[in-house]
Amino acid sequence: MPVFTLKINNNTYTVEADSDTPLLWVLRDYLDLLGTKYGCGIGQCGSCTIHVNGNAIRSCLLQVSQAEGMDITTIEGLSEEGYHPVQQAWLEHDVYQCGYCQTGQIMSAVALLKNNPNPSDKEIDAAMSGNICRCGTYVRIKQAIKTASKL
């Protein structure tokens, strides 16, 4: 079985996996980074969103063989203590309900604010449209993103 060297959350990991294994499963099953969630497995729900080279991507669609040499950040890598401004805004606006989709929501919001520090409502809607929340906390998500943009 091939061996892959991955840079995740500023740490280097070596994993032995089939080359077509989705990065999502490497994160969860091989590296015990459980913040990235499995939702649909086809890149439509956003629960598995991580950052690859600073861009929000769906980890269920990226094979481990494609991830070598990339700078990968999971929810665990945003802040060791959970004090990233977006995470703080999420708490301030009580965004979480069931919480299942929220790591993907946060990762998409962080990527948005990195590229656009003061997004309009329309830009927030566009950036977050690929993340589904079955609890319907979209209004609070938008409020939290606006708060985080000011931090």
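What you see is a predicted model, and the numbers here were worked out from it, not measured in a lab. (Residues numbered from 1 in each chain as written. Predicted model: local features only at pLDDT ≥ 70, side-chain atom pairs only at ≥ 80, totals over all residues. Heavy atoms only, no water.)

**Student:** I'm lost on the overall build of the protein chain in this one. Help?
**Tutor:** Helices and strands together make up the secondary structure of the protein chain, namely six helices and five strands. Counting from the amino terminus, the protein chain carries its helices and strands in the arrangement β-β-α-β-β-α-β-α-α-α-α. Its C-alpha atoms give the protein chain principal-axis dimensions of about 45 × 25 × 25 Å. Counting only contacts in the protein chain whose residues sit at least 6 apart along the sequence, the fraction spanning at least 24 positions is 56%. When the accessible surface of the protein chain is totalled, it reaches about 7,700 Å², and 48% of it is carbon and sulfur. (Helix = DSSP H or I, 4+ residues; strand = E, 2+ residues; numbered from the N terminus. Contact = heavy atoms within 4.5 Å. Areas by Shrake-Rupley, 256 points an atom, 1.4 Å probe, with all protein chains shown as cover.)

**Student:** Would you explain the packing of helix α4 (residues 102–115) against helix α6 (residues 138–150) in this entry?
**Tutor:** Geometrically, a packed helix pair is captured by the angle between its two axes and the distance between the axes. Between α4 and α6, the shortest axis-to-axis distance is 11 Å and the interhelical angle comes to 40°. Viewed along their axes, α4 and α6 adopt a mutual orientation that is oblique. As α4 packs across α6, the resulting crossing turns out to be right-handed. Packed against α4, whose contacting residues are Gln102, Gln105, Ala109, Leu112 and Leu113, the element α6 presents Tyr138, Ile141, Ile145, Ala148 and Ser149 at the interface. Residue composition of the contact of α4 with α6, by class: seven nonpolar, three polar and no charged. (Axes fitted to C-alpha atoms, helices over the stretch in contact; angles between N-to-C directions. Parallel < 35°, antiparallel > 145°, perpendicular 65-115°, else oblique. Left-handed = near helix turned anticlockwise from the far one by under 90°. Nonpolar A, V, L, I, M, F, W, Y, C, P; charged D, E, K, R; others polar.)

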